[in-house]
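These are the residues of each chain, in order.
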Amino acid sequence: MKEKKKYILSLTAGVLAIIVCSLCLFCSGDYVVYTAGKKRKKLPIYGVKRDDECLSISFDCAWGVDCTDKILDALDFYNVKCTFFVVQFWAEKYPEYLKKIVDRGHEIGTHSKTHPNMSKLTEAEIEEELKSSVNAIESVTGKKVTLFRPPFGDYDDEVITIAEKLGLYTIQWNVDSLDWKNLSAEAIAMRVTKKAKSGSIILMHNNGLHTLESLPLIFSATQQKGLVYRPIGELIYTDDFEITPDGTQIKKLGEQQ
């Protein structure tokens, strides 16, 4: 009976120890770094730790151009420079828009060749998606492509590793406008302005039903708060950085800006 009681007490103590350790890891964020004893997975850049009130807005381009000219006009009016992530088939269908975007002072990144779920592809297929789309963009703009946004936000270690090998920074977002859900302009603006802050990366689309209407509301509100828009390539750190478990890019210790 005593041995059984000791066993139960020992088992209970072990369970409690595991719970306490798990809670400690959860609270510290280290639960993302190690899973079942494995090293943390690679992460793209969701946002950047900055204290200079700079942030970025980005537009994914895969279908249509109906609102793109007016979006560019709105960006000009509010003196906003941003990043467009374009799919290769969009770039090939609308090369004149690649030139317009660059001529208006904006940045272009790749959004893949065919807009697939990148994590489901082989290594060779991932490389083809990136190389082909980068070449298609650069052949029109003459500008080097350094940014990549995975379609659907879908990635794994292999996707990020191959992108790095090709000189591409993998970019996600930490402010989702949900403009692709055809929310009202007011609802889109409320989502963005509520979350936007220094170092944020905002996700929007060039063909959302109310994206264009939401821009004046977004820019007016955020600029009144002192926020300044920069292309993502100017927002992120390109060397000596780390990415925290929540996807925030930071300068390495001793090199914070």
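Since this is a predicted model, take the numbers as computed values, not measurements. (Residues numbered from 1 in each chain as written. Predicted model: local features only at pLDDT ≥ 70, side-chain atom pairs only at ≥ 80, totals over all residues. Heavy atoms only, no water.)

**Structural notes on the pairing of strand E3 (residues 83-86)**
On E3, burial covers both faces: Thr83 and Phe85 on one face and Phe84 and Val86 on the other are all buried. Judged from the four bridges that link them, strand E2 (residues 54-61) and E3 form a sheet pairing that is parallel. Bridge pairing in E3 places Asp60 opposite Phe85. (Buried < 20%, exposed > 50% of the residue type's maximum accessible area, 1.4 Å probe, protein only. Helix = DSSP H or I, 4+ residues; strand = E, 2+ residues; numbered from the N terminus. Pairing = 2+ DSSP bridges.)

**Observations regarding the confidence of the model for the protein**
Do not read the fine detail of predicted coordinates wherever pLDDT is low. Taken over all residues, the pLDDT of the protein has a mean of 87, while the share at 70 or more is 83%. A low-confidence stretch, residues 4-38 stays under pLDDT 50, and its non-local contacts, those more than four residues away or across chains, total 11 contacts. (pLDDT = per-residue confidence, 0-100. Contact = heavy atoms within 4.5 Å.)

**A look at the pairing of strand E11 (residues 248-251)**
Sheet analysis places strand E1 (residues 47-48) next to E11, joined by two bridges and oriented parallel. Paired with Gly47 across the bridge in E11 is Thr248. Across three bridges, the pairing between strand E10 (residues 241-243) and E11 is antiparallel. Bridge assignment links Phe241 to a residue of E11, and that residue is Lys251. Here E10 folds back onto E11, and the loop between the two strands holds four residues, one of which, Gly247, carries a positive phi near 90°.

**Considerations on the pattern of salt bridges**
By the definition in use, this model includes 10 salt bridges. A salt bridge links Asp73 to Arg104, with the shortest nitrogen-to-oxygen separation between them at 2.7 Å. Within this pair, whereas Asp73 is found in helix H2 (residues 68-77), its partner Arg104 is found in the loop between helix H4 (95-103) and strand E4 (107-110), the two being separated by 31 residues in sequence. Asp73 gets classed as partly exposed once you look at its relative accessible area, which sits at 45%. Arg104 sits in the partly exposed class, given a relative accessible area of 23%. (Salt bridge = Lys/Arg side-chain N within 4 Å of Asp/Glu carboxyl O.)

**Here we look at helix H8 (residues 211-224)**
Working note: α-helix, 3.6 residues per turn, so residues spaced by three or four point in the same direction. With 14 residues, H8 ought to run about 20 Å at 1.5 Å a step, and its terminal C-alpha atoms sit 20 Å apart, in line with that. Every buried residue belonging to H8 is among Thr211, Ser214, Leu215, Ile218, Phe219 and Thr222, and all of these are buried. Check the buried side of H8 and you find it contacts E2, H2, helix H7 (185-195), strand E8 (201-205) and strand E9 (228-229). Following H8 by one or two positions, Gly226 adopts a phi angle in the positive range, close to 90°. (Expected span 1.5 Å × (residues − 1).)

**As for the packing of H2 against H4**
Contact geometry for H2 and H4: axes closest at 11 Å, N-to-C directions at 0°. Classified by the angle their axes make, H2 and H4 are roughly parallel. Each of Thr68, Asp69 and Leu72 in H2 lies in contact with H4, whose residues at this interface are Tyr97, Lys100 and Ile101. Residue composition of the contact of H2 with H4, by class: three nonpolar, one polar and two charged. (Axes fitted to C-alpha atoms, helices over the stretch in contact; angles between N-to-C directions. Parallel < 35°, antiparallel > 145°, perpendicular 65-115°, else oblique. Nonpolar A, V, L, I, M, F, W, Y, C, P; charged D, E, K, R; others polar.)

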